[in-house]
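The primary structure of each chain is shown beneath.
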Amino acid sequence: MIEDDLIQELATKFDIQLVVPEGTKYSFEAADLVKEENMREFIKCYRPMMRALDDTAVAAYFANWFSNVAMALQYSLSVYNAVPDMGLTNLVIHLIPTTGYCRVVYMIKQWKTSEAHLEGLEREEWRQHILEDFYRNAAYPLVRSMSATSGLALSQIWGQLPTKFNYYLEIMINGSDNADTKKQLEMDYEYLKYECSPDLFGLPKNPFQVEIRRIEDIADPEKTVAMRNRCCLYYLTEGGNYCYTCPRLKEEERAERREVYRKQETTL
């Protein structure tokens, strides 16, 4: 069944689950986190699990995990023309200690979907409704609360999402054998970037409208990789530093890392 396929794909591709994951240490109702006192408790629990040195790092990591939910919605919309209810009242966030990091899992409490043909809506109108409802009523309240509580600017939190979107959508589009699916993935992402009002994100500009900068691959000089849109603040975790694809890293430092990495590879 198509519904079973969607459930399976959301679990394997985006770690969106329908049951409480094994090993869960803390659980939070997503709707509760729009209140700063509850978000403060979330940060208190999550910060030591991810070994953050500052609350702003918690916010950036939180945004990276939340991008799984946003990507899952985008994928469902484009590939299945059916989107599960990802409203805040239907989401639970589970924190799971894992070797070396903390896994953050989003769980859908009740499975129910909105399909493109429901209520006689044309697909374009349905898409507009789905995206506007999600970003205005689910994503933005959560991001706004995290920003106010952690001190990380809204733009910095939203800025974590485009990197993952661009990376995974490129893989999905290139990996699909279905021309219609490829086209729908591209068109729906274009709509998100250029047609969705920046008001949905509480910003003067839609955060998905970013220029993708490519840099030389650390291992292969014949390849390139995309630079991150915003710093993930890994350097504000215990033992962390700037990633190779970090926009804050100076080009001479990036070149040095390539040289060191390639020398190490040749000696193995």
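Okay, so let's go over this structure. What you see is a predicted model; the values in this text were computed from it and never measured. (Residues numbered from 1 in each chain as written. Predicted model: local features only at pLDDT ≥ 70, side-chain atom pairs only at ≥ 80, totals over all residues. Heavy atoms only, no water.)

**Quick look at the state of the cysteines**
Argument step 1. Here the structure, examined in full by the defined rule, presents 0 disulfides.
Argument step 2. No disulfide involves Cys-102; its nearest neighbouring cysteine sulfur is the one of Cys-45, lying 10 Å away.
Argument step 3. When its relative accessible area of 3% is taken as the criterion, Cys-102 is described as buried.
Argument step 4. The thiol sulfur of Cys-243 is not disulfide-bonded, and the nearest other cysteine sulfur, from Cys-232, lies at 3.9 Å. (Disulfide = S-S within 2.5 Å. Buried < 20%, exposed > 50% of the residue type's maximum accessible area, 1.4 Å probe, protein only.)

**Thoughts on the sheet that holds strand E2 (residues 26-29)**
Argument step 1. Reading across from one edge, E1-E5-E4-E2 is the order of the 4 strands in this open sheet, with mixed pairing throughout. Of all the strands in the sheet, just strand E1 (16-17) and E2 have a single pairing partner and so form its edges.
Argument step 2. Pairing between E1 and strand E5 (residues 101-108): 2 bridges, direction parallel. Bridge pairing links Ile-16 to Tyr-106 in E5. (Pairing = 2+ DSSP bridges. Helix = DSSP H or I, 4+ residues; strand = E, 2+ residues; numbered from the N terminus.)

**Let's talk about the environment of Val-143**
Argument step 1. Relative to the assigned elements, Val-143 resides in helix H4 (residues 123-150).
Argument step 2. The exposure class of Val-143 is buried, given its relative accessible area of 5%.
Argument step 3. Through-space distance from the C-alpha of Val-143 to that of Thr-89 is 15 Å; in sequence the pair is 54 residues apart.
Argument step 4. In contact with Val-143, not counting residues within four places along its chain, are Leu-154, Ile-157 and Trp-158. (Contact = heavy atoms within 4.5 Å.)

**A closer look at the packing of helix H3 (residues 55-80) against helix H7 (residues 179-194)**
Argument step 1. Remark: H3 packs on H7, axes separated minimally by 8 Å, with the N-to-C direction vectors making an angle of 135 degrees. When the interaxial angle is binned, H3 and H7 end up oblique. Handedness of the crossing formed by H3 with H7: right-handed. Contact with H3, carried on its side by Gln-74, Leu-77, Ser-78 and Val-79, involves Thr-181, Gln-184, Leu-185, Asp-188, Tyr-189 and Leu-192 of H7 and no other residues of that element.
Argument step 2. Of the residues belonging to the contact of H3 with H7, the class tally is 5 nonpolar, 4 polar and 1 charged. (Axes fitted to C-alpha atoms, helices over the stretch in contact; angles between N-to-C directions. Parallel < 35°, antiparallel > 145°, perpendicular 65-115°, else oblique. Left-handed = near helix turned anticlockwise from the far one by under 90°. Nonpolar A, V, L, I, M, F, W, Y, C, P; charged D, E, K, R; others polar.)

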